[in-house]
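Chain by chain, the residues run as shown.
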Amino acid sequence: MTIERKWWQSAVVYQVYPRSFQDSDGDGIGDIKGITSRLGYLKTLGITAIWLSPVYASPMDDNGYDISDYENIAAVFGSMADMEELLAQAKAQGIRIIMDLVVNHTSDEHAWFVEARQSKANPFRDYYIWRDQPNDLTSAFSGSAWEFDEPSGQYYLHLFSKKQPDLNWENAQVRQAVYDMMNFWIDKGVGGFRMDVIDLIGKVPDARITGNGPKLHDYLHEMNQATFGERDLLTVGETWGATPEIAKQYSAPERQELSMVFQFEHVGLSHAPDAPKWDLIALDKGKFKTVLSKWQTELPVGAGWNSLFWNNHDLPRAISIWGNTGSYRVQSAKAFAILLHLMRGTPFIYQGEEIGMTNYDFEDISQVADIESLNLYAERLAQGYQPEAIMASIRAVGRDNARTPMQWDMTEQAGFTTGQPWLAVNENYQTINVAAALADKTSIFYTYQRLIALRKQNDWLVYGDYQLLETSESIFAYLRHFEGQRYLVVVNFSDDPAIFKSDFVAEKEMIANRSFPDDLSQVDLAPWDAFAVAVK
Ligand code: TEU
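Residues numbered from 1 in each chain as written. Predicted model: local features only at pLDDT ≥ 70, side-chain atom pairs only at ≥ 80, totals over all residues. Heavy atoms only, no water.

Trainee: Where do I start with the pattern of salt bridges in this structure?
Mentor: A pair can form between side chains of opposite charge whenever their charged atoms are brought close. Scanning all chains against the criterion turns up 27 salt bridges. Of the charged contacts in the structure, one is a salt bridge between Asp 62 and Arg 399, with a shortest N-O distance of 3.0 Å. In this pair, Asp 62 sits in the loop between strand S3 (56–57) and strand S4 (69–73) while Arg 399 sits in the loop between helix H13 (387–397) and helix H14 (400–403), placing the two residues 337 residues apart along the sequence. For the pair Asp 62 and Arg 399, a shared accessibility class is recorded, and that class is buried. Ionic pairing is found between Arg 399 and Asp 370, a salt bridge with its closest N-O pair at 2.8 Å. One end of the pair, Arg 399, is in the loop between H13 and H14; the other, Asp 370, is in the loop between strand S13 (346–350) and helix H12 (371–382), with 29 residues separating them in the sequence. With a relative accessible area of 2%, Asp 370 lands in the buried category. (Salt bridge = Lys/Arg side-chain N within 4 Å of Asp/Glu carboxyl O. Helix = DSSP H or I, 4+ residues; strand = E, 2+ residues; numbered from the N terminus. Buried < 20%, exposed > 50% of the residue type's maximum accessible area, 1.4 Å probe, protein only.)

Trainee: Explain the packing of H12 against H13 to me, please; I cannot follow it from the model alone.
Mentor: To describe two helices that pack against each other, one gives the angle between their axes and the distance between the axes. In the contact formed by H12 and H13, the axes pass within 10 Å of each other and the chain directions differ by 155°. One element, H12, and the other, H13, form an angle in the roughly antiparallel class. Remark: the crossing between H12 and H13 carries right-handed chirality. Here Ser 373, Leu 376, Tyr 377, Arg 380 and Leu 381 of H12 come into contact with H13, specifically with Pro 387, Ile 390, Met 391, Ser 393 and Ile 394. Across the contact of H12 with H13, the residue classes tally to seven nonpolar, two polar and one charged. (Axes fitted to C-alpha atoms, helices over the stretch in contact; angles between N-to-C directions. Parallel < 35°, antiparallel > 145°, perpendicular 65-115°, else oblique. Left-handed = near helix turned anticlockwise from the far one by under 90°. Contact = heavy atoms within 4.5 Å. Nonpolar A, V, L, I, M, F, W, Y, C, P; charged D, E, K, R; others polar.)

Trainee: Help me understand the sheet that holds strand S6 (residues 130–131) in this model?
Mentor: As a general point, the strands of a sheet are linked pairwise by backbone hydrogen bonds and lie either parallel or antiparallel. Within the open sheet, the three strands sit side by side as S6-S8-S7. Their pairing is antiparallel. Bordering the open sheet on either side are S6 and strand S7 (146–149), each of which pairs with just one other strand. Relative to strand S8 (residues 154–157), S7 is paired through four bridges, and the arrangement is antiparallel. Bridge pairing links Asp 149 to Gln 154 in S8. (Pairing = 2+ DSSP bridges.)

Trainee: Could you clarify how one ought to interpret the site of the ligand in this entry?
Mentor: Around the ligand, the surrounding shell holds 17 residues, and the nearest of these are Asp 62, Lys 277, Asp 314, Glu 372 and Arg 399. At 2.9 Å, a side-chain N or O of His 105 approaches an oxygen atom of the ligand. With respect to the ligand, the side chain of Glu 238 contributes an N or O atom lying 3.3 Å from an oxygen atom. In isolation the ligand has 480 Å² of accessible area, and contact with the protein removes 91% of it. For the shell around the ligand, the class distribution of residues is five nonpolar, three polar and nine charged. (Near = heavy atom within 4 Å. Polar contact = N/O pair within 3.5 Å; in protein donor to acceptor, adjacent residues only side chain to side chain. Areas by Shrake-Rupley, 256 points an atom, 1.4 Å probe, with all protein chains shown as cover.)

Trainee: Please explain the pairing of strand S2 (residues 49–52) as it appears in this structure.
Mentor: Residues in a regular strand project their side chains so that they alternate between the two faces of the sheet. Here S2 shows two buried faces, one formed by Ala 49 and Trp 51 and the other by Ile 50 and Leu 52. Where strand S1 (residues 13–16) and S2 come together, four bridges link them in parallel fashion. Note on S2: the bridge partner recorded for Val 13 is Ala 49. Two strands pair when backbone bridges link them, and S2 and strand S5 (residues 96–101) are joined in this way by four bridges, in the parallel orientation.

Trainee: How should the packing of aromatic side chains be read in this particular structure?
Mentor: Both the distance between ring centres and the angle between the ring planes are used here to describe each pair of aromatic rings. All chains considered together, the criterion is met by 40 aromatic pairs. Centre to centre, the rings of Trp 130 and Tyr 156 are 5.7 Å apart; their planes meet at 70°, and the pair counts as edge-to-face. Remark: Tyr 156 occurs in strand S8 and Trp 130 occurs in strand S6; sequence separation between them is 26 residues. Side by side, Trp 130 and Tyr 156 carry an identical accessibility label, which is buried. The interplanar angle of 85° and the centroid separation of 5.2 Å between the aromatic rings of Trp 310 and Phe 336 together place this pair among those described as edge-to-face. (Phe/Tyr/Trp six-rings, centres within 6.5 Å; stacked < 30°, edge-to-face > 60°.)

Trainee: It is not clear to me how the side chain of Asp 196 should be interpreted in this structure. Could you clarify?
Mentor: With respect to the helices and strands, Asp 196 occurs in the loop between strand S9 (192–195) and helix H6 (216–226). There is a polar contact of 2.8 Å between the side chain of Asp 196 and the side chain of Arg 194. Contact partners of Asp 196, with chain neighbours within four places excluded, come to Tyr 65, Asp 100, Leu 101, Val 102, His 105 and Glu 238.

Trainee: I keep staring at unusual backbone geometry and nothing clicks. Help me out?
Mentor: A negative phi angle is the norm for most residues apart from glycine, just as the trans form is the norm for most peptide bonds. If you check the backbone angles, Asn 63 has positive phi at about 50° while not being a glycine. At Ala 414, a position not held by glycine, the phi torsion is positive, near 55°. Following the sequence through the fold, Ala 414 ends up in the loop between H14 and helix H15 (434–439).

Trainee: In this structure, what is going on with the environment of Ser 152? I would like to understand it.
Mentor: Tracing the backbone shows Ser 152 in the loop between S7 and S8. Those residues in contact with Ser 152 that lie beyond four places of it in its chain are Arg 117, Ser 119, Lys 120, Arg 125 and Trp 130.

Trainee: Explain helix H3 (residues 80–92) here, please?
Mentor: Turn by turn, an α-helix covers 3.6 residues, leaving residues three or four places apart pointing in a common direction. Counted at 1.5 Å a residue, the expected span for H3 with its 13 residues is 18 Å, and the 18 Å between its end C-alpha atoms agrees. Among all positions in H3, only Met 80, Asp 82, Met 83, Leu 86, Leu 87 and Ala 90 are buried. The arc enclosing the buried residues of H3, seen along the axis, measures out at 160°, which places them on a common side. Those residues of H3 that are buried lie in contact with helix H1 (32–37), helix H2 (39–45), S2, S4, S5 and helix H5 (172–187). (Expected span 1.5 Å × (residues − 1). Arc of directions from axis to C-beta.)

Trainee: Teacher, can you tell me more about the environment of Leu 87 here?
Mentor: Among the structural elements, Leu 87 can be located in helix H3. Using a relative accessible area of 9% as the deciding quantity, one classes Leu 87 as buried. The sequence separation of Leu 87 and Gly 191 amounts to 104 residues, and the corresponding C-alpha distance is 9.4 Å. Sequence-distant contacts of Leu 87, defined by excluding residues within four places in its chain, comprise Ile 97, Lys 188, Gly 189 and Val 190.

Trainee: Would you take a moment to explain the pairing of S5 for this structure?
Mentor: Most of S5 is tucked away, with five of its six residues classed as buried. Sheet topology places S5 next to S9; four bridges connect them, and they run parallel. Across the sheet, the residue bridging to Asp 100 is Arg 194, located in S9.

Trainee: Explain the side chain of Ser 251 to me, please; I cannot follow it from the model alone.
Mentor: With respect to the secondary-structure elements, Ser 251 resides in helix H7 (residues 244–251). Separated by 2.7 Å, the side chain of Ser 251 and the backbone oxygen of Ala 247 make a polar contact. Reaching out from Ser 251, the side chain makes a polar contact with the backbone nitrogen of Trp 305 at a distance of 3.0 Å. Among all residues touching Ser 251, those that are not within four sequence positions of it are Leu 258, Ser 259, Met 260, Gly 304 and Trp 305.

In structure tokens:
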């Protein structure tokens, strides 16, 4: 089979959450100059693209996912000149910058909304979604999705915070304004876009349809043609509601929509059935294997493309909920890395994952900054929940777990800032930090570095077929097939020893977090052991 190779299929992307990555001016908030100063570190890791969470002008109700000007930079993050410098320096290091595209909604302080709420007759009124009466749609950040606008006498829709009014994608002028803005950034040399909650733009509020609306794919095809279609860019949609069938609609090349999707089916396995994400349940390992394997086999090369990730800025640290951050922190972090990075799809690493950063021990709501958690707290308190019960949810899954400052070294505030950080540094920074990781050849960092290097060197890893192997429950083992070669990946996904049996014969070692087994007929696996070998 001849494969039409794309750079983004073999890329490894690193997500930077600017507020928490590196502060350069001592105000306690990370900034663009800080990111530029750390490009050398990212180059050492080996990543080839950065997904930059929003740095645009914003009142920061949702840390920048509420944008008031798409063509300017938030002063707290720096200036447009800083952004251009970051693009240039990154390019010189062979790193592309993927911008976050947040166009399901704007900030209520965006000029369009400021105009829109002037009066029903305002030319920008129809840029947003207004109704005389609200329906029962709810916001992801608690409460009704409708907010009454006193002066103009109607309700506007906000699927997130009330400072994030939803744009009306039915309006062709809105769509054109978004495409013009995207072209502004393409002309600046960005490497692509990560599209925030893109599956919501086809919503039909009166029919209570939010995700996967009827015109969603028409809009994305139109966007593709009006902007990045002819360019060699990476576009990834955040699509909570995607099945493999839906993922193909987004990413099959002939449909000319996006490069790939983020799907969250494995993330959902930790949520109680029919409950919001706040009630965490133990992971069913059987389902975990089935779900991840389904996404491997149901998107064959040419039919679509998937991404691979454990973490992002909205999720608890994966090793804190699925791994073991006690005695097996290092071993389980390496096991997760090996398990994921040898699958097919484009891997995304979230800042700090490569050194095994963990959840934060939030004890009191005063330690929490995220609007989603703060709103949940107020809502549940009013519903009669005990504060400790609400804190237990926030501690387990709250988004601030991912947003504590990056841990660079053992100096005060972990080298993140010379001032007071906007969110507390995790107390474990004395042991978990970049300087310590770089100094230890056996650290998690070097497992990631090796995995990234392997992906650059091996087509089997990028394009090979995938086959789940029958094993005992706690072992996750699969084969990759490519051009007559076979590669075996075995992970003991548990705190207990396990035995892996097979009739494979090892040919060449690829990567491991233990010594390589000579004999694959029976391998004694210690907790969280993981290895990959080419087999005959
Ligand atoms: O998130 C979309 C989303 O639905 C969830 O991930 C969200 O974080 C929440 O946990 C739902 O319970 C995207 C961004 O990634 C997130 O940071 C933004 O807050 C949100 O959209 C709004 O722009």
